[in-house]
Structure formats: C-alpha cells, structure tokens
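Understanding the architecture of this molecule
Given next are the chains, with one letter for each unit.
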Amino acid sequence: MAPATSSTSSAITLNINGEKHHLPIDHRTTLLDALRERLDLTGTKKGCDQGQCGACTVLVDRRRVVSCLSLAVAAEGREITTIEGVAEGDELHPVQQAFLDLDGYQCGYCTPGQICSAIAVIEEHAAGWPSAVTDDPGPEAGPPPLTPDEIRERMSGNLCRCGAYVSIVRAVARAAESHAEHRAEAAKGTAA
Amino acid sequence: MREFGYQRAHDVTGALALLAADPDARFLGGGTNLVDLMKSGVERPARLVDVRDLPLDRVEPTADGGLRIGATVTNSDLAAHPEVRRRYPALAQAVLAGASGQLRNMATVGGNLLQRTRCGYFTDVSKPCNKRVPGSGCPAVTGEHHNHAVLGASGHCVAVHPSDMGVALTAFDAVVSYASADGPGETPLTDFYLPVGDTPHRETALPPGALITHVSLPAAPVAARSRYRKVRERASYAFAIGSVAAALTVEDGLVREARLALGAVASRPWRARAAEAVLAGAPADGATFAAAADAELAAARPLPDNGYKVTLMRNLVVSVLTELAGRDAR
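Quick summary incoming for the structure in this document. This is a predicted model, so every value here is computed, not measured. (Residues numbered from 1 in each chain as written. Chains lettered and ligands numbered in written order. Predicted model: local features only at pLDDT ≥ 70, side-chain atom pairs only at ≥ 80, totals over all residues.)

1. Describing the overall build of chain B
Looking only at helices and strands, one finds twelve helices and twelve strands in chain B. For 330 residues, the compact-globule estimate of 2.2 N^0.38 gives 20 Å, and chain B sits close to it at 20 Å. Principal-axis analysis of the C-alpha atoms gives chain B an extent of 60 × 50 × 35 Å. Here chain B holds 330 residues, and 55% of them are scored as buried. Taking the contacts inside chain B whose residues are at least 6 apart along the sequence as the reference set, 64% of them involve residues at least 24 apart. (Helix = DSSP H or I, 4+ residues; strand = E, 2+ residues; numbered from the N terminus. Rg over C-alpha atoms; globule rule 2.2 N^0.38 Å. Buried ≥ 20, exposed ≤ 12 C-beta atoms within 10 Å, placed from the backbone. Contact = placed C-beta atoms within 7 Å.)

This is the structure:
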C-alpha cells in the first residue's frame, strides 16, 4: 500500500542514531515532536518550544541544533543523533560520565540537551572555532583555552532552572580534558 | 499552525519556480525565525520551499581581496571561516555575539538579513501592529518600548532590527545579490532596508519572489582592525540593547580611515556616516570620538522609556573607538 500523503504531509525516512525510521508526517511536525510523540525517543526534552532553552538539543549531521525549531520533514536525509545514541553500547559517552561523576544536574530535565550541546561544544572548540568571549578571533591565534568563561559562553543556549551551572561547567571541562587526552593518545598511536 | 506544503529546492532556478507557483509560499532557510513565527501565527505560509540544499554554502575570496558569502552559509561557518576572522574580525565577533551555538548552526546568512523584529507587539497576534497588520496601530509608541528605536523611526513603527551580523556587514559596505524571475540584481545593504515612514510592513528592497543568493564584501584593509561590541541585559544569548561595529586606522595620531555602524537603535543596521565624517582626518582622541558620536546621535528621537540608549550608544562608540585607537598605537 502506498503511504498516505497529501500536499501537506509526506512519507519520510529519518536516520536517527544509525537506524532508519519510516513514517508519514504532517509537515507541521517539528523534529522534537516526531522524536517524542511518533518514535518514542523521549530522551529529548521539550522545554520552551521556542528555541530559547536548549532542552531539545540534538545533533544533526554532527552539529547541535534545537529540534523544536527544526521541521521533521526538513531533517530527512540528515544524520540525527539524540541522547539515546551517544553512548557506545554499555559504555557511556565521556560527557555523560563526566556529568554523572561531577553531579552536572539536579532534576535532570535539561540534562539530555546539556549533554548533546556539550558534546558539540568540545568538537567545535577542537576544530578551532572562536566564541564571543575569545579575545582574538583571528585564525592565527589558535583555539583559546577552554576556560570556565569560554564554557559558559559556549553553553549559554542551554538553560538549567535548577541552577546546576557550577557543576555543569566542571563536567564539560572534565570531558573536554579527557577528549583532548584521547586525541593525544590516538595521535601518538598513529605516530608509532 | 496553518497546514503547508513542503518542497526542497536543489538549484536557484528551481527554487524561484517553486516559490512562484504559490503566492503564499516562503523560502525556508534555517527556520530559527520563520518556524517560530509560524508557531505563533504571525507567519502563515501555504508552502515552504526549503533552500538549505542550494549550492550557496561557500565563502569565497574574491579577486579584489573581498569575500563572497553564499546565502545558505550558516552563521557558525561564517564566524569560523579563517578569512572572515582575518579580514573582517568584527563580522566574526558580531555573528558569535548573536543567538546560541545551536541557533548559529541552523541560521543562514540570507535568513539573518530577512529576520523579523522581535518587538513584542509584532510577535503577539492579539495586539495591533502596523508591521503585521497595516493600519492597525503601534502600541509600542506609548507602551513597552525600552528596547525600541531612537533613530529613523516613525510614529507608525518604532521596532528595531535584531541582527548583529547585519551591523558588521553594514559597516563594511556589504552588497546583497539576489536572483529573481526578472534576472539577477544587487543592492547595497545600506539601501536594502526601506525607510519606515508610514509603510513599516514593507521592510526590504528585495523584489517579490526574489531569493538572496550572496552577500559580497568589498576589500577593506581597515576592517582587519575592527571590533564588534554588544550591550545586552544578560551576559550571553540575548538580543542587543545597543551594539557597535567599528574599524579604525590611525596614522601620525590622525584617523586615516574609520567605519562605524550601530545596532539595535533603528529599523535597520545603522551606518553612522555623520560620525565617520567627523572622524576622517581628525586627531584620534577621546574628544574626536565623542564629537563623532554626538554628530550621529544628534538625530536621535528617543521615546519616554528608551532615552538611555542615546547615552549608552555615545559611551559605546567612544569606548570601542578608543580601544581600536589604542590597539593601533601599540
């Protein structure tokens, strides 16, 4: 049977955490609502639904976005990663582990968005992206040290109403350090 | 939300044709503003033409030493681009001062220029607004307007343009290129936004159905010494209450060249030509910088609750120019 579609809906395929999901979808559906209401991937949270709180942050083509302002139909063909897909089997992602070890949360509602965002922050920083608090944005300056000020600025799109920011900043710093050590190890392995 | 059709365009000609097929169609870029406005009922398109896959996602150095920026380049990629950071650092700073990391990954250059004001009356469909419903009135003039315009406004609309990127582009003489059914065209960014007058619903000089394809920056050696500073009500992730993009070169204690644009003070990014005229050739000191700011702000017409912006902008201009002059002296 052909999937039911009209001019205002489409049969789409979403690639989420390496798995393909086929679903008919009303074009009005946000990626956030598709994840939570249609695919039972409720790790991604709905906070403000206006792009202001970051609770719905997911990775699309490895970049962090707010899924509440992304249309599901526009996400077709992209590689979507949600909090359910960041661990390697039973081994938590280093950012997840750091949030656990350093109590980077209180109620936990904003945590999936914080973690997805932090994963991307660490990648963006490693790629040399400056931020609004970087003294010299020039390309010759190299990546700035990932200070608490840098982390706070880069994570400012994720609100935590419990106010767990102090621990969140520590967790991101810890995860970034272990990420850098991993990269150094890997580079050494390649050199040897 | 009104139901809508969705199509993805793969080339510019196709995008124009898809849009032309429906008078209620809109181009969809990153969606960070449009999707939000659709949720609140301010925008009610019958069809979205997704332009994110168009081959307009490159930042290319031009032969004359400038840059040609594709309309679908994301804010993130623009701010991270080595030549943007090297040649126009204030542009990278302006982009990084806007929104959040998530939104910068979604938002595009073309969409940034076409984003709508965040005036609370515009975004609330239960309120009158001349921009949204022409002739319905402007409650902001007598209502909540602490972050509204002090320059170039009219009694019909006192909303400000929210872009940070646009302020730096305005300082550096950006030119907007577009494709339309009648062929390609271009407009300097300083002429892109129409005067408010009694038609605040008419915002840009873009012809109906046209698609922004590129934003070009001419070579500007002065821009290599530039700075964007933004004042807001919290340290990060908020719209400006005032901002400045400035570039300055000083020779023998005199201003050789200056560029200045102001943000969050008008319905468009505000090129401060009166200030630039005062700066040109004058001693690069605090007195000149203050005189330049005063020359520009002489035209300010603050409302009862936003007079602070005139003082704020004066201090901001003096502070940024002083910093740039100091950097030049080193």
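From this point on, the discussion continues.
2. Thoughts on the environment of Asp26 of chain A
All names here are of chain A. Among the secondary structure elements, Asp26 is positioned in strand β2 (residues 19–26). For Asp26, a count of 16 C-beta atoms within 10 Å puts it in the partly exposed group. Considering only alpha carbons, one finds Asp26 and Leu71, 45 residues apart in sequence, at a separation of 9.9 Å. In contact with Asp26, other than residues within four places in its own chain, are Thr8 and Ser9.

3. Here we look at the interface of chain B and chain A
With 28 residues of chain B in contact, the opposing surface of chain A contributes 33 residues. Secondary structure elements with two or more residues in the side of chain B that touches chain A: β1 (5–8), α2 (34–39), α4 (82–87), α5 (89–96) and α6 (101–106) of chain B. No other element matches α6 of chain B, which puts five residues into the side of chain B that touches chain A. Grouping the amino acids of the side of chain B that touches chain A by side-chain chemistry returns 14 nonpolar, nine polar and five charged. (Nonpolar A, V, L, I, M, F, W, Y, C, P; charged D, E, K, R; others polar.)

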